[in-house]
Amino acid sequence: MADDGKPLADIAARYGTTETTVRKRLALARVSPALLELYRNEEMTYDQLTAFTLSDDHRRQEEVWNALPSWNRTGHAVRNALREEAIPATDKRIRFIGGLDAYKAMGGDVRRDLFDERSQGHALDVALVEKLVAEKMEALAAIVRADGWAWVEIKSEMDWHGMRGYGRVYPVEVERSDAATKELETLRQEQEDIESLIENDGGDEGTEARLAEIASRIDAIDREVYAPADLERAGVLITLDYTGEPAFHRGYLKPEPAPVPLNGKAEPDNQDGGEPGTVVDGPTAPVLTHSVTLVEDLTAQRTAALRLEIANNHRVALASVVHSLLLQTLLPHSRYHSCLDIVLTTKNLPALMRAPENNLALAGIEELRERYGYEVPGNPADMFEWCLDRREDELLALLAYAAAQSIDAVKDKYDHRKHERVHSEALAVAAGLDIGAYFEPTAESYFNHITRDGIEAAVSEAKGTDAARGIARMKKGEAAAYAEAQVKGTGWLPSPIRPASVVVQVNVPEADAIGVDNVLCEAAE
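Residues numbered from 1 in each chain as written. Predicted model: local features only at pLDDT ≥ 70, side-chain atom pairs only at ≥ 80, totals over all residues. Heavy atoms only, no water.

Regarding the overall build of the protein chain
Broken down by element type, the protein chain carries 21 helices and 9 strands. Considering the protein chain as a whole, with its 525 residues, one finds that 30% of them fall into the buried category. For the protein chain, contacts bridging at least 24 residues in sequence account for 61% of all contacts bridging at least 6. Only carbon and sulfur atoms are counted for the fraction: they give 52% of the accessible area of the protein chain, which is about 34,100 Å². (Helix = DSSP H or I, 4+ residues; strand = E, 2+ residues; numbered from the N terminus. Buried < 20%, exposed > 50% of the residue type's maximum accessible area, 1.4 Å probe, protein only. Contact = heavy atoms within 4.5 Å. Areas by Shrake-Rupley, 256 points an atom, 1.4 Å probe, with all protein chains shown as cover.)

Here it is, written out as structure tokens:
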């Protein structure tokens, strides 16, 4: 019918299906006959076959299949090989320039995967993407240069290891007049009153507009600026974060060039035994010196006294802990501005996820990070005094944010953190975690990544064995889509993220009851 010129809508109506299904079937028909034969002989999976629809070049399709090793002929590997240099719509560069629509508006070609339910597509013109990114980044750099910085550089990625030789300057608070200080106090009180009104379902559109106006005015009064002398020697590094938003790293000082040695030596000659560059003239006055051992003894005694005082001063202790944790979460490489030997480690969760950009929890964490990042002072030296000025409820909120970043309940392939994960279950119960609000088992997020037998077992758990009866005869992709539809709305979750207290009631006939106890125990684990 397609060869005869029939419209897709007519073909779909003839077979009682959708136009999307017809497009997919026609795309599969354009795969190389040699590869279709492999699929018919069950030497290729449905997922692998659908990957080849990204290209209509039969020769290229066969080259990719033959070039990939047998152990790496997954659909994902095939798609990557066919896309070559194509840039996915989820790439931060595409997001930065405004998405594929903005790229297409500039004449860029897009390839879409018909078997990608989100159909986000890939940009094929890498040079055009890079050009659009460069133009937009350069426009941002021009705005920053107008602020008077000594230099502004654009980097594709931040190399924090390579930044170790850089110094840093920080903004200082703008001195306020008495009138401005009084206005600030009045605005903050009005802000609190309006926020309380909104929380109690009061106010209207005008109320929220006034709240925005107040926030803007507060920012204008209570602000920090860089000193002119610092602007003349410091600069700004502009990068993109993983979400595609521009990140401005202000106040960096490039490493000073090493001084030229005198007489080929690092220090000038010193024949008199004094400090380099000094002149000894006559007898010197006695100097009080302390041995290293004595200094250790005295400072240990002082540290003991400080520990006792802080242990009895709960507010300062709370501010000190918050100060130490914020230095490590909001001001990277500033940990040593605190004498508290509290080390916060955090696992890179986005690196462990297949699609971190779709994770609701990560988005919420990033929103908190940005909010608190705007509140805290940029200079680590000012952070402790800032913490001391916070109310106790504010400190507790900051403590909760910072402490949460250290949670590691990930089960890796070695599973070295068994006891820690047991505690994470208790923590989840105490916090009232509903993982179903953040994760839904779909074909993309879960079922495509387990075996067909696993899909059958999952549907059996969620809906009973009757619902899973036909899965064994389905292709993998069809089984995953079917499972998604079946478990939707049931509240079923994969065992690795299921609350430990939940025991799944497996639906089995009485004749199959043998071994059910083992299944229940495994589900509870």
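The rest of the description comes next.
Description of the pattern of salt bridges
One pass over the structure, following the stated rule, counts 18 salt bridges. Across the pair Arg23 and Glu19 runs a salt bridge, and its minimum N-O distance is 3.8 Å. Taken together, the residues span about one helical turn, with Arg23 and Glu19 both in helix H2 (residues 19-29) at a distance of 4 residues. One salt bridge connects Glu440 with Lys488, and the closest N-O pair in it is separated by 3.1 Å. Of this pair, Glu440 sits in the loop between helix H18 (418-431) and helix H19 (452-463) while Lys488 sits in the loop between helix H20 (476-487) and helix H21 (516-524); the two residues are 48 residues apart in sequence, bridging distant segments of the chain. Take Lys488: its relative accessible area is 56%, and that puts it in the exposed class. One salt-bridge network, in which partners are shared between bridges, spans Glu190, Arg210 and Glu213. (Salt bridge = Lys/Arg side-chain N within 4 Å of Asp/Glu carboxyl O.)

Details of the packing of helix H15 (residues 360-375) against helix H17 (residues 392-404)
Between two packed helices, what matters for the description is the angle formed by their axes and the separation of those axes. Where H15 meets H17, the closest approach of the two axes is 11 Å, and the angle between their N-to-C directions is 135°. Comparing the axis directions of H15 and H17 gives the class oblique. In this structure, H15 meets H17 at a crossing whose hand is left-handed. From H15, Ile365, Leu368, Arg369 and Tyr372 reach across to H17, where they touch Ala397, Leu398 and Tyr401. Of the residues contributing to the contact of H15 with H17, the split by class is 6 nonpolar, no polar and 1 charged. (Axes fitted to C-alpha atoms, helices over the stretch in contact; angles between N-to-C directions. Parallel < 35°, antiparallel > 145°, perpendicular 65-115°, else oblique. Left-handed = near helix turned anticlockwise from the far one by under 90°. Nonpolar A, V, L, I, M, F, W, Y, C, P; charged D, E, K, R; others polar.)

Examining the sheet that holds strand E9 (residues 246-253)
In space, the 4 strands of this open sheet follow the order E4-E8-E9-E5, with mixed pairing throughout. The two strands at the open ends of the sheet, each matched to only one other strand, are strand E4 (151-154) and strand E5 (167-168). Relative to E9, strand E8 (residues 235-240) runs antiparallel, the two sharing 6 bridges. Bridge pairing in E9 places Gly235 opposite Tyr252. (Pairing = 2+ DSSP bridges.)

Describing the packing of aromatic side chains
Using the criterion set out here, one finds 8 aromatic pairs in the structure. Centre to centre, the rings of Phe447 and Trp492 are 6.3 Å apart; their planes meet at 15°, and the pair counts as stacked. Taken together, the positions of Phe447 in the loop between H18 and H19 and Trp492 in the loop between H20 and H21 put the pair 45 residues apart, joining distant regions of the chain. An aromatic cluster is defined as three or more aromatic residues linked by ring pairs; in this entry it consists of Tyr446, Phe447 and Trp492. Looking at Arg14, its charged tip hangs above the ring of Tyr15, at a distance of 5.1 Å from the centre. Its guanidinium or amino end placed over the ring of Tyr372, Arg371 lies 4.9 Å from that ring's centre, counting from NZ or CZ. (Phe/Tyr/Trp six-rings, centres within 6.5 Å; stacked < 30°, edge-to-face > 60°. Lys NZ or Arg CZ within 6 Å of the ring centre and 35° of its normal.)

Remarks on unusual backbone geometry
Located in the positive-phi region is Glu42, a residue other than glycine, with phi close to 60°. Looking at the element boundaries, Glu42 is found in the loop between helix H3 (33-40) and helix H4 (46-51). For Glu42, a relative accessible area of 66% corresponds to the exposed category.

Focus on helix H16 (residues 380-388)
Of the positions making up H16, those classed as buried are Pro380, Met383, Trp386 and Cys387. Seen end-on, H16 carries its buried residues on one side only, within an arc spanning 95°. More than 90 degrees from the buried face of H16, the exposed residues found are Ala381 and Glu385. For H16, the elements touching its buried residues are helix H14 (314-329), H15 and H17. The N-capping residue of H16, defined by a side-chain oxygen 3.0 Å from the backbone nitrogen of Ala381, is Asn379. (Arc of directions from axis to C-beta. Polar contact = N/O pair within 3.5 Å; in protein donor to acceptor, adjacent residues only side chain to side chain.)

Let's talk about the packing of H19 against H20
Running from N to C, H19 and H20 cross one another at 15°; their axes reach a closest spacing of 10 Å. On the basis of their axis angle, the class for H19 and H20 is roughly parallel. The crossing of H19 and H20 is left-handed. From H19, Arg452, Ile455, Val459, Ala462 and Lys463 reach across to H20, where they touch Lys476, Ala479, Ala480, Ala483, Gln486 and Val487. Residue composition of the contact of H19 with H20, grouped by class: 7 nonpolar, 1 polar and 3 charged.

Remarks on the confidence of the model for the protein chain
Mean pLDDT over the protein chain works out to 80, with 85% of the residues at or above the 70 mark. Low pLDDT, under 50, characterises residues 266-280; the predicted model gives this stretch 10 contacts beyond four residues in sequence or across chains. Segment residues 502-525: pLDDT under 50, and 22 contacts once partners within four positions in sequence are set aside and those in other chains are kept. (pLDDT = per-residue confidence, 0-100.)

Re the side chain of Gln486
Relative to the assigned elements, Gln486 resides in helix H20. You can call Gln486 buried: its relative accessible area is 19%. Polar contacts involving the side chain of Gln486 include one to the side chain of Lys463, which spans 3.2 Å. The residues touching Gln486, leaving out its near neighbours within four places in the chain, are Val459, Lys463 and Ala467.

Structural notes on the sheet that holds strand E2 (residues 110-111)
Overall, antiparallel pairing links the 3 strands, which are arranged E1-E3-E2 in an open sheet. In this open sheet, the two edge strands, each paired with only one partner strand, are strand E1 (87-88) and E2. Here E2 runs beside strand E3 (residues 122-123); their pairing, made up of 2 bridges, is antiparallel. What sits directly across from Arg111, in E3, is His122.

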